[in-house]
Amino acid sequence: MPDPVLRTIGLTKRFGGLVAVDHFSMEIFPGSIRGIIGPNGAGKTTVFNLISRIYTQDEGEIYLDDVDISNADQIQVSKLGIARTFQNTRLFTGLNVLDNVKVALDSSAEYSMFSAMFGFGKRQREEKLIEKRALDCLELLNLSVYARQRPSNLAYGIQRRVEIARALVSNPKVLMLDEPAAGLNPEEVNQLMQYIQDIRVKYPELAILVIEHRMELVMNLCEYIYVQDFGESIAQGSPEEIQKSPEVLMAYLGEEEN
Amino acid sequence: MVLQLIINGISLGAVYTLIAVGFAIVFTILRFSNFAHGGMISACAFIGYFFQRYVKPTPPFALTVIFTAVCGIILALAIDFFAYQRIRINKSPSIYYFLVSLTVAILIEQILIVFFGTNMYGYPAVFETQTMQIGSFRIKTMNLVILAVSLSLLFALMILLNKTKIGLAIRAVAIDPNTSRLMGINSNVVITTVFAIAGLLAGVSGVFIGMQYSVYPSLGPTMMLKGFIASVVGGMGSLGGAIIAALFLGLIEIISTYFLGATTTTIIMFAIMLGFLFIRPQGISGKFAEDKV
């Protein structure tokens, strides 16, 4: 077994008296895909927000490739290789699809006002390279035709794919997908699973962490699943183990079927 | 005659675009009206005046513009460092930006009064020929130079904003600073760049405005009010709208001054701004309102 690329130990976050995440520990390995499931309010998105440093944890540690990022800020973790999408898409409304993807590449290239004003030849080559990488990502997610369109003119499912392309373009080590199938119809969910498989072929070292409500997606894609309920970890294991776990059936699957 | 008025009007409008854009670009990123911009224009007008007048041998005009622009950039970054940075670090509400910017504007004006009084200083003649004959029209050389330099500067700025990655980062932060941070965009770099751009524009417009009128401590605030009107009429935070509105304001000012006199013109300009706020509060571009919804 290789070393985990991302690891959390005893991650805890409280909002007032509510414990949103209670000692959450997980690990994910390069090239693998793991899921976090649980009913609404189980603290799944809070875990993502802690890892991407929107929130600061009250307790616990986060390691990326054995580098302690427990106190890093949002810009640092993004540069270190953690990219994500959002439950409610957060695309830049005033920018076209291509620019939305290019935005995420800014961090991987050096900033300099002077090189922006002078150093023309070098800068142009750099801009070309950025454009090519962004276009490649759009192509991978079958978005090339929308490159010049504003995201607000596109269907929800397409906007979600644009977010995935934007997260992928900086070539991250960890991709976190926050309910990628929310609001999609069954056919779109199947397409999404195919896209995720394509991504895994193209980026064999990429670790993917998924939060999802749609059981068919989680059970089909994920190799390992963490189940959260009211902030607590109630089970973890392979999809087969999770489907048989009585706690999970009680807390989650049972509830949904009633 | 009419064509001459139009060219003078567009030339004046071009300077207003520099002021309006310098004002609006800070608004797009930090969402406050940077009234210190007027103070910077006054200070730069004085810097340009003394550089042109007292440096021996007399520098070419282009050097004066470049020197003043560099001073404008330094001044803007200094104001950001001493006055605004603390507000960001403390995450204070944006009303503090507004108050600090007013304070800085008054501070600069008063410092200038202490050193130079409220006298008006006339720019020395910088062009060998005062007017140029184009066909049957006589046009002031100064106006042509102002027009050419202003439009090239705006063009360069549009390239920077639309074709470079720092430009893309500026646009992204303007739309959504929180998501930008998650994309790894360092908003401090963006803010510094934006203040540098505003300072450069204040420097160049300070020299031009000083030449057009004369140099005095309240020059900048007076002129900035027009840049402010342009950015309101154009739609707060929209650079394209501000540019169009500033060009129109310049035209209206010149034509109205010619036919109705300078005093009436000021009333007309403010009436236009009020009218716009009533009829189309989102301005020409309508961008600000869209962002707010």
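Residues numbered from 1 in each chain as written. Chains lettered and ligands numbered in written order. Predicted model: local features only at pLDDT ≥ 70, side-chain atom pairs only at ≥ 80, totals over all residues. Heavy atoms only, no water.

Trainee: Help me get a handle on the overall build of chain B, residues and values and all.
Mentor: The helix and strand inventory of chain B stands at 12 helices and 2 strands. Of the regular secondary structure in chain B, the N- to C-terminal order runs α-α-α-α-β-β-α-α-α-α-α-α-α-α. At 19 Å, chain B has a C-alpha radius of gyration in line with the 19 Å of a compact globule built from 293 residues. With the C-alpha coordinates aligned to their principal axes, the bounding extent of chain B is approximately 60 × 45 × 35 Å. (Helix = DSSP H or I, 4+ residues; strand = E, 2+ residues; numbered from the N terminus. Rg over C-alpha atoms; globule rule 2.2 N^0.38 Å.)

Trainee: Residue-level account of the overall build of chain A, with values.
Mentor: A count of helices and strands for chain A gives 10 helices and 10 strands. The C-alpha radius of gyration computed for chain A amounts to 19 Å, which stays within 12% of the reference 18 Å derived for 258 residues, consistent with globular compactness. C-alpha atoms of chain A, sized along the principal axes, occupy 65 × 40 × 40 Å. Scored against the burial criterion, the 258 residues of chain A give a buried share of 55%. The contacts of chain A with a sequence gap of at least 6 include a subset with a gap of at least 24, amounting to 69%. In the structure as shown, chain A presents an accessible area of about 11,700 Å², 50% of it carried by carbon and sulfur atoms. Side-chain charges of chain A comprise 26 positive and 36 negative groups, with the mean position of each set lying 10 Å from the other. (Buried < 20%, exposed > 50% of the residue type's maximum accessible area, 1.4 Å probe, protein only. Contact = heavy atoms within 4.5 Å. Areas by Shrake-Rupley, 256 points an atom, 1.4 Å probe, with all protein chains shown as cover. Lys, Arg positive; Asp, Glu negative; His and termini not counted. Charge placed at Lys NZ, Arg CZ, Asp CG, Glu CD.)

Trainee: Describe the packing of aromatic side chains, listing the residues and the values that go with them.
Mentor: All chains considered together, the criterion is met by 27 aromatic pairs over all chains. Consider the rings of Phe15 of chain A and Tyr55 of chain A, whose centres lie 5.2 Å apart with planes at 75°: the pair is edge-to-face. Of this pair, Phe15 of chain A sits in strand E1 (residues 6-15) while Tyr55 of chain A sits in the loop between helix H1 (44-51) and strand E4 (59-64), placing them 40 residues apart in sequence. By relative accessible area, Phe15 of chain A is classed as partly exposed at 35%. For Tyr55 of chain A, a relative accessible area of 28% translates into the label partly exposed. In textbook terms, an aromatic cluster arises when at least three aromatic residues are bridged by ring pairs, as seen for Phe46, Tyr49, Phe50, Tyr54, Phe115, Phe116, Tyr121 and Tyr123 of chain B. (Phe/Tyr/Trp six-rings, centres within 6.5 Å; stacked < 30°, edge-to-face > 60°.)

Trainee: Which residues make up the nonpolar core, and what values go with them?
Mentor: Of all hydrophobic cores here, the largest spans 140 residues; its most connected members are Leu168, Ile199 and Ile208 of chain A together with Ile29, Tyr84 and Phe208 of chain B. With 14 residues, the top contributor of residues to this core is helix H1 (residues 2-30) of chain B. Domain assignment of the residues forming this core places at least three in each of domain 1 (1-81 + 174-258) and domain 2 (93-171) of chain A. Not counting the four nearest positions on each side in its chain, Tyr84 of chain B is found in contact with Phe32, Asn34, Ala36, Ile79, Tyr97, Val100, Ser101 and Phe195 of chain B. Listed in part, the 24 residues of the second largest apolar core include Val21, Val47, Leu50 and Val174 of chain A. (Core = buried A, V, L, I, M, F, W, Y, C linked by side-chain atoms within 4.5 Å. Domains from an automatic or database assignment.)

Trainee: Describe the sheet that holds strand E8 (residues 207-211) of chain A, listing the residues and the values that go with them.
Mentor: Residues and elements named next belong to chain A. Sheet architecture is open: 6 strands sit in the order E6-E7-E8-E3-E9-E10, paired in mixed fashion. For this open sheet the edge positions go to strand E6 (82-84) and strand E10 (232-237), each flanked by a neighbour on one side alone. With direction set aside, neighbouring strand axes in the sheet form an average angle of 20°. Bridge count for strand E3 (residues 33-37) against E8 is 4 bridges, and the pairing is parallel. (Pairing = 2+ DSSP bridges. Axes fitted to C-alpha atoms, helices over the stretch in contact; angles between N-to-C directions.)

Trainee: So what's going on with the sheet that holds E4 of chain A? Which residues, and what values?
Mentor: Residues and elements named next belong to chain A. Strand order in the open sheet formed by 4 strands is E2-E1-E4-E5, with antiparallel pairing between adjacent strands. One side of each edge strand has no neighbouring strand; the edge strands of this open sheet are strand E2 (18-28) and strand E5 (67-68). Bridge analysis of E1 against E4 gives 5 bridges, and the strand direction is antiparallel. Bridge pairing in E4 places Thr12 opposite Glu59. Along the sheet, H1 makes contact with E1, E2 and E4, crossing E1 at roughly 115°.

Trainee: Quick one: what's the story with the side chain of Ser42 of chain B, residue by residue and with numbers?
Mentor: Residues and elements named next belong to chain B. By secondary structure assignment, the location of Ser42 is in helix H2 (residues 36-54). At 2.8 Å, the side chain of Ser42 forms a polar contact with the backbone nitrogen of Gly220. Discounting residues that sit within four places of it in the chain, Ser42 has contacts with Leu112, Tyr216, Pro217, Ser218, Leu219, Gly220 and Pro221. (Polar contact = N/O pair within 3.5 Å; in protein donor to acceptor, adjacent residues only side chain to side chain.)

Trainee: Lay out helix H5 (residues 141-163) of chain B in plain terms, naming residues and giving numbers.
Mentor: The end-to-end C-alpha separation of H5 of chain B is 32 Å, in line with the 33 Å expected for 23 residues at 1.5 Å each. Considered for burial, the residues of H5 of chain B that qualify are Thr141, Met142, Asn143, Ile146, Leu147, Ser150, Leu154, Leu157, Leu160 and Leu161 of chain B. (Expected span 1.5 Å × (residues − 1).)

Trainee: Can you lay out the pairing of strand E7 (residues 174-178) of chain A for me, pointing to particular residues and giving the numbers?
Mentor: Residue and element names in this part refer to chain A. Counting buried positions along E7 gives 5 out of 5 residues, so the element sits mostly inside the fold. Where E6 lies against E7, 3 bridges are found, and the strand directions are parallel. The residue of E7 that forms the bridge with Ala83 is Leu175. By the bridge criterion, 5 bridges tie E7 to E8 in an arrangement that is parallel. Its bridge partner lying in E8, Met176 is registered against Leu209.

Trainee: Explain unusual backbone geometry to me, using residue names and the numbers behind them.
Mentor: Cis geometry is found at the peptide bond from Lys56 of chain B to Pro57 of chain B, where omega equals -5°. For Pro57 of chain B, the position within the fold is in the loop between H2 and helix H3 (61-90). For His23 of chain A, which is not glycine, the phi torsion reads 45° and is therefore positive. With respect to the secondary-structure elements, His23 of chain A resides in strand E2. The phi dihedral of Phe230 of chain A falls on the positive side, at around 45°, and the residue is not glycine. Along the polypeptide, Phe230 of chain A turns up in the loop between strand E9 (224-229) and E10.

Trainee: I'd love a proper account of the domain arrangement of chain A, names of residues and values included.
Mentor: Residue and element names in this part refer to chain A. Once the domains are mapped, chain A shows domain 1 (1-81 + 174-258) and domain 2 (93-171). Computed from C-alpha atoms alone, the centre-to-centre distance between domain 1 and domain 2 is 26 Å. Every contact between the two is made by 19 residues of domain 1 and, on the other side, 13 residues of domain 2. Counting the surface lost from both domain 1 and domain 2, the interface buries some 1,300 Å², and carbon and sulfur atoms represent 69% of this. Area buried by domain 1 at its contact with domain 2 is led by Tyr195, Ile199 and Tyr203, which between them contribute 39% of it. For the interface between domain 1 and domain 2, the tally reads 0 salt bridges. When contributions to the side of domain 1 that touches domain 2 are tallied by element, the ones reaching two or more residues are helix H2 (74-80), E7 and helix H7 (186-202). (Buried area = accessible area lost by both parts, 1.4 Å probe. Salt bridge = Lys/Arg side-chain N within 4 Å of Asp/Glu carboxyl O.)

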